[in-house]
Amino acid sequence: MNQPNATQKPDLDLTTTQQDQEEESVRRALEGYYHAGKAPWDTGVTPPELVALVEGHGALPPGRALELGCGTGTNAIYLARHGWEVTAVDLIDSAVGQAREKSEAARVAVHLLHGDATRLDELGVPGPFDLFFDLSCYCGIPLHRRDAYAAGLTHRAAPGARLLMFGYGPEPLGSSTTEITSWAAGATADELRARFPGWELIDVTPGTNSVPTFWFTLRRDA
């Protein structure tokens, strides 16, 4: 009878190692986009969906906003210019540095933080917030960290808070935009309903991209 190897690590350790490796792969991939100057989500133009929420018919009154995956700060600066008190987080240090330079040049106050949007407690991110904005952040997060993302937002959401999220839908693994497993999974309405208890998914609008994309709007229960 074979005896167990005392040096063999439990399966849980293997899973943890794989998860750590995936998180590192995501970070390196994002850094690569910024290093090449080709981050597709960082266009320098505020999307009309956010403009409509801030300036359109029935616009939200200015309050406190948290942007997840703020990139170089385009949308955080836009919100600050329209009277919002803005906190913005990004995983990539160079992106946060550019966002800081841009916000200083624009002479607006944005509380910029370098760190993981799924670990808001570690960053000391305050709350509550009336608006959360996510432009392609959630759909790039490894699946094992998505519940932590949802819990972090829920914990910091004011009653009736909105979450406006742009995300890619599921795509075949191995395409140019889905070299990472969690990126291939994308984001779906059913997943958001399951991961955000206490929120209502009030709108799903398809994007205009050549690949499946969606604008999701969620509202925190009052």
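Quick caveat: nothing in here was measured; it's all calculated off a predicted structure.

J.: Account for the packing of helix α3 (residues 74-81) against helix α4 (residues 93-106), naming residues and giving values.
T.: Packing of α3 against α4 brings their axes to within 9 Å, and their N-to-C directions diverge by 30°. Classified by the angle between their axes, α3 and α4 sit roughly parallel to one another. Pair α3 / α4 crosses with right-handed handedness. Of α4, the residues touching α3 (which contributes Thr74, Ile77 and Arg81) are Lys102, Ser103 and Ala106. The class makeup of the residues in the contact of α3 with α4 is two nonpolar, two polar and two charged.

J.: Tell me about the pattern of salt bridges, residues and numbers included.
T.: Pairing is possible between side chains of opposite charge, provided their charged atoms come close. In total, this model carries 13 salt bridges according to the counting rule given. The partner of Arg64 in a salt bridge is Glu85, and the shortest N-O contact between them spans 3.7 Å. Linking Arg64 in strand β1 (residues 64-68) with Glu85 in strand β2 (residues 85-90), this pair joins segments that are 21 residues apart in sequence. Overlapping salt bridges, with partners in common, bring together Glu23, Asp116, Arg119 and Glu122 in one network.

Rules of the game
Residues numbered from 1 in each chain as written. Predicted model: local features only at pLDDT ≥ 70, side-chain atom pairs only at ≥ 80, totals over all residues. Heavy atoms only, no water. Axes fitted to C-alpha atoms, helices over the stretch in contact; angles between N-to-C directions. Helix = DSSP H or I, 4+ residues; strand = E, 2+ residues; numbered from the N terminus. Parallel < 35°, antiparallel > 145°, perpendicular 65-115°, else oblique. Left-handed = near helix turned anticlockwise from the far one by under 90°. Contact = heavy atoms within 4.5 Å. Nonpolar A, V, L, I, M, F, W, Y, C, P; charged D, E, K, R; others polar. Salt bridge = Lys/Arg side-chain N within 4 Å of Asp/Glu carboxyl O.

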